[in-house]
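Examining the three-dimensional arrangement
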Amino acid sequence: MPPFNPHVDVWLILGSVLAVYLIWARRHERDTGEATTRHVRRLFLWGMAVLFFGSVWPLHDLAEHVWYTAHMVQHLLFTLVAAPLLIAGIPAWMWRKVLAPPPVARLWQKMTRPLVATLIFNGVLLITHWPAVVDTAVVHEPLHFALHVLLLGSAIVMWWPIMSPLPEMPPLTPPVQMLYLFVQSLVPMVPAAFLTFSHQPLYHVYETFPRVFGISALTDQLIAGLSMKLLGTLIFWGFIAVIFFRWGRRERVEGWDALALRDVEADLRAGAQR
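As a starting point, this report considers the structure included with it. This is a predicted model, so every value here is computed, not measured.

1. Focus on a nonpolar patch on the surface
A surface patch of nonpolar side chains, amounting to about 490 Å² of accessible area, comprises Leu179, Phe182, Val183, Leu186, Met189 and Trp237. Ranked by residues supplied to the nonpolar patch, first place goes to helix H10 (residues 174-186) with 4 residues. Counting through the fold element by element, Met189 comes out in helix H11 (residues 189-197).

2. A word on the pattern of salt bridges
Scanning the model with the defined rule gives 2 salt bridges in all. Here Asp31 ties to Arg30 by a salt bridge, and the two come within 3.2 Å at their closest N and O atoms. The exposure class of Asp31 is exposed, given its relative accessible area of 55%. Measuring nitrogen to oxygen at the nearest pair gives 2.8 Å for the salt bridge that ties Arg96 to Glu168. Note that Arg96 is positioned in helix H5 (residues 92-98) and Glu168 in the loop between helix H9 (141-163) and H10, a separation of 72 residues in sequence.

3. Considerations on the environment of Trp247
Examined against the element boundaries, Trp247 turns out to sit in helix H13 (residues 217-254). Here Trp247 falls in the partly exposed class, since its relative accessible area comes to 27%. Sequence separation between Trp247 and Thr173 is 74 residues, and the spatial gap between their C-alpha atoms is 9.4 Å. Discounting chain neighbours no more than four positions away, the residues touching Trp247 are Pro174, Pro175 and Met178.

4. What about the environment of Phe236?
Along the polypeptide, Phe236 turns up in helix H13. Considered as a pair, Phe236 and Leu80 are 156 residues apart in the sequence and their alpha carbons are 8.0 Å apart. Excluding anything up to four places from it in sequence, Phe236 contacts Leu80, Met158, Trp159, Leu181, Gln184 and Ser185.

5. So, the packing of H10 against H13
The contact between H10 and H13 brings their axes to 9 Å, and the two run at 170 degrees. When the axes of H10 and H13 are compared, the pair comes out roughly antiparallel. Packed against H10, whose contacting residues are Pro174, Pro175, Gln177, Met178, Leu181, Phe182, Gln184 and Ser185, the element H13 presents Thr233, Phe236, Trp237, Phe239, Ile240, Ile243, Phe244, Trp247 and Arg250 at the interface. In terms of residue class, the contact of H10 with H13 is made up of 12 nonpolar, 4 polar and 1 charged.

6. Examining helix H7 (residues 114-128)
Compared with the 21 Å implied by 1.5 Å per residue over 15 residues, the 21 Å span of H7 between its first and last C-alpha is a close match. When H7 is considered as a whole, its buried residues turn out to be Pro114, Ala117, Thr118, Phe121, Asn122, Val124, Leu125 and Thr128. Summarising the axial view, the buried residues of H7 lie within an arc of 155 degrees, below the 170-degree limit, and thus occupy one face. Looking at the packing, one finds that the buried side of H7 touches helix H4 (68-89), helix H6 (102-111), helix H8 (131-139), H9, H10 and H13.

7. Some remarks on the environment of Leu150
One can find Leu150 in helix H9. For Leu150, a relative accessible area of 43% translates into the label partly exposed. Along the backbone, Leu150 and Ala92 are 58 residues apart, and their C-alpha atoms lie at a distance of 23 Å.

8. Considerations on the packing of aromatic side chains
Counted according to the given criterion, the structure contains 15 aromatic pairs. For the ring pair Trp108 and Trp160, a centre distance of 5.5 Å and an interplane angle of 80 degrees mean the geometry is edge-to-face. Of this pair, Trp108 sits in helix H6 while Trp160 is found in helix H9, placing the two residues 52 residues apart along the sequence. An identical accessibility class is assigned to Trp108 and Trp160; each is buried. Three or more aromatic residues joined by ring pairs make a cluster, and in this case those are Tyr68, Tyr203, Tyr206 and Phe209.

9. Quick notes on the side chain of Thr69
One can find Thr69 in helix H4. Within the structure, the side chain of Thr69 is placed 2.6 Å from the side chain of Asp220, a separation counted as a polar contact. Sequence-distant contacts of Thr69, defined by excluding residues within four places in its chain, comprise Asp220, Ile223, Ala224 and Ser227.

10. Observations regarding the nonpolar core
Grouped together as the largest cluster of nonpolar side chains are 65 residues, with contacts concentrated most on Met48, Leu51, Tyr68, Trp159, Leu181 and Tyr206. Per-element tally for this core: the top contributor is H4, with 11 residues. Residues in contact with Leu181, not counting those within four places in the same chain, are Trp159, Ile162, Phe236, Phe239, Ile240 and Ile243.

Conventions we followed
The numbers attached to residues start from 1 for each chain and follow its sequence in the written order. Per-residue local features of the predicted model are confined to residues with pLDDT of at least 70, and side-chain atom pairs are confined, for both listing and counting, to 80 or more; whole-chain, interface and lining totals are unaffected and use all residues. Processing note: side-chain calculations cover all non-hydrogen atoms of the structure and skip hydrogens and water entirely. Residues with no salt bridge and a relative accessible area higher than 30% make up the patches, which join like charges within 9 Å and nonpolar side chains (Val, Leu, Ile, Met, Phe, Trp, Tyr) within 5 Å. Accessible surface area values rest on a Shrake-Rupley calculation with a 1.4 Å probe, where residue burial reflects the displayed protein chains alone. The salt bridge definition used is simple: a Lys or Arg side-chain nitrogen within 4 Å of an Asp or Glu carboxyl oxygen. By the criteria applied, helices consist of DSSP H or I runs no shorter than four residues and strands consist of E runs no shorter than two, each listed in order from the N terminus. Exposure classes here rest on a 1.4 Å probe applied to the protein chains alone. A residue is buried below 20% of its type maximum, exposed above 50%, and partly exposed in between. Whether two residues touch is decided by their heavy atoms; if any such pair falls within 4.5 Å, the residues are in contact. To get an axis, fit a line to the C-alpha atoms, keeping to the stretch in contact for a helix; angles then go from 0 to 180 degrees between the N-to-C directions. By the definition adopted for this analysis, an angle is roughly parallel if under 35 degrees, roughly antiparallel if over 145, roughly perpendicular if from 65 to 115, and oblique otherwise. Following the grouping adopted for this structure description, the nonpolar residues are Ala, Val, Leu, Ile, Met, Phe, Trp, Tyr, Cys and Pro, the charged ones are Asp, Glu, Lys and Arg, and the polar ones are all others, Gly among them. One fewer than the residue count of a helix, multiplied by 1.5 Å, yields its expected span. Think of the arc as the fan of directions from the helix axis to the C-beta atoms. Ring pairs shown here join Phe, Tyr and Trp side chains whose ring centres sit within 6.5 Å, with only the six-membered ring taken for Trp; geometry is labelled stacked below 30 degrees between planes, edge-to-face above 60, and tilted in between. Any pair of nitrogen or oxygen atoms within 3.5 Å is treated as a polar contact; in protein, a donor-acceptor pairing is required on top of that, and neighbouring residues in sequence qualify only through side-chain atoms on both sides. Definition used in this section: a nonpolar core is a set of buried Ala, Val, Leu, Ile, Met, Phe, Trp, Tyr and Cys residues joined via side-chain atoms within 4.5 Å.

Laid out in structure tokens, this is it:
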């Protein structure tokens, strides 16, 4: 186990983000009477807790000085757990304030189109797992931090078509959401396959670290690849299952509406055109 490191910079950065959120929500409630619900606030706090857990000792230090598997767990936590929690935990009025400048709103609308969001997220995913990038980032803390910010940002972009809280930027229809997440579950299998089936370590920096519990660098890489493939797929398919059963329950309660197929077809056409 690496020696304890308080990571004061992480506490300052994430603590500042949390403080801004809570102060902003309190002031908005005071000025407008519109309170951020306890459920929404709790989701944001859980998202921040996941970021804290992935960014401080011991997981962060294990990722930088011992195991690539810990590095992979960090990325899974940031992209597939923290990102959707943060989107759901930020109220709609706050998103509108952030996206208020017209250039920001136009850029966000373009970036969160399904095809564009897929390319952004998976492009960042491939870059952040490229051997030269990993070997450099592990020994350069500012670059490592920047890559984590980029990864989290790309994940928020990717999850937006599923979880958008804004009626003016509505999420995809349930069938298209499931198709979209199915595609997201396939692409990470490419880097996962390289990690799993490689006969030599791809990340040379991890070969220089002390071996803990007798786990070799190649075995560590294999476990990381399996984690990316199995845990990532499990999370994506868990979301797909939730969407499916919620959709089915809504159809049973409200009845099947043939006109709703027009929305599905519109989403599919829009995705193809983009």
